[in-house]
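Overview (structure and organization)
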Amino acid sequence: MSNFTRFNHKSLINPNYQDSEQYIPLKDIPFKKAAELYAINPEMTYSIRAMYRSTSDYGEQIVAIVNAESEPDTVFRMALPRKYAETINVDDAGLISDCNQGLARFTITEYHSKRFNKELNDIKFL
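First things first, this report covers the structure right here in the doc. (Residues numbered from 1 in each chain as written. Predicted model: local features only at pLDDT ≥ 70, side-chain atom pairs only at ≥ 80, totals over all residues. Heavy atoms only, no water.)

**A word on the overall build of the chain**
Rule in force here: The secondary structure listing takes helices from DSSP runs of H or I that are at least 4 residues long and strands from runs of E that are at least 2 residues long, numbered from the N terminus. Burial status follows relative accessibility: with a 1.4 Å probe on protein chains alone, a residue under 20% of its type maximum counts as buried, one over 50% as exposed, and anything between as partly exposed. Contacts are assigned to residue pairs with any non-hydrogen atoms lying within 4.5 Å of each other.
Along the backbone of the chain there are three helices and seven strands. Put simply, the chain runs from its N terminus to its C terminus through helices and strands in the order α-β-β-α-β-β-β-α-β-β. Counting only residues that meet the buried cut, the chain has 37% of its 126 residues in that class. The long-range share in the chain, meaning contacts at least 24 apart out of those at least 6 apart in sequence, stands at 47%.

Set out below in structure tokens:
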């Protein structure tokens, strides 16, 4: 396990403070759904600040600590689509570096699922 992973599971540095000793407990970071964010602004670009792996009754999933680029000091949690659980390694040094440098960015897209006969959301990495 990397230092980055332990950091994500415990807390996140509060971007509103210059003092690195100020932390936001993970449980205090609000959770938002992709559909909710897409409905607010389908053109918005988001930055991934950190990621961690989560397991629920529905299986494994990657949860990202995210901010909208228009609000860099407001962070929230968002589950990435389940298809990324098998391909994203949250301990990958390159992905961690991209998150730290602000290069991990994405937009939310919408598509019609024939299988479920409804609109679903996906993300497109930039």
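**Describing the pairing of strand β6 (residues 105–113)**
Where we set the bar: Here a strand pair is declared whenever DSSP counts at least two bridges between the two strands.
The pairing of strand β3 (residues 45–56) with β6 spans three bridges and is antiparallel. Across the sheet, the residue bridging to Y46 is F106, located in β6. Judged from the eight bridges that link them, β6 and strand β7 (residues 118–125) form a sheet pairing that is antiparallel. Directly across from T109, in β7, lies its bridge partner D122.

**Remarks on the side chain of T107**
Mapped onto the elements of the fold, T107 is located in strand β6. What makes T107 buried here is its relative accessible area of 15%.

Treat this as a map of the structure, not an account of what it does.
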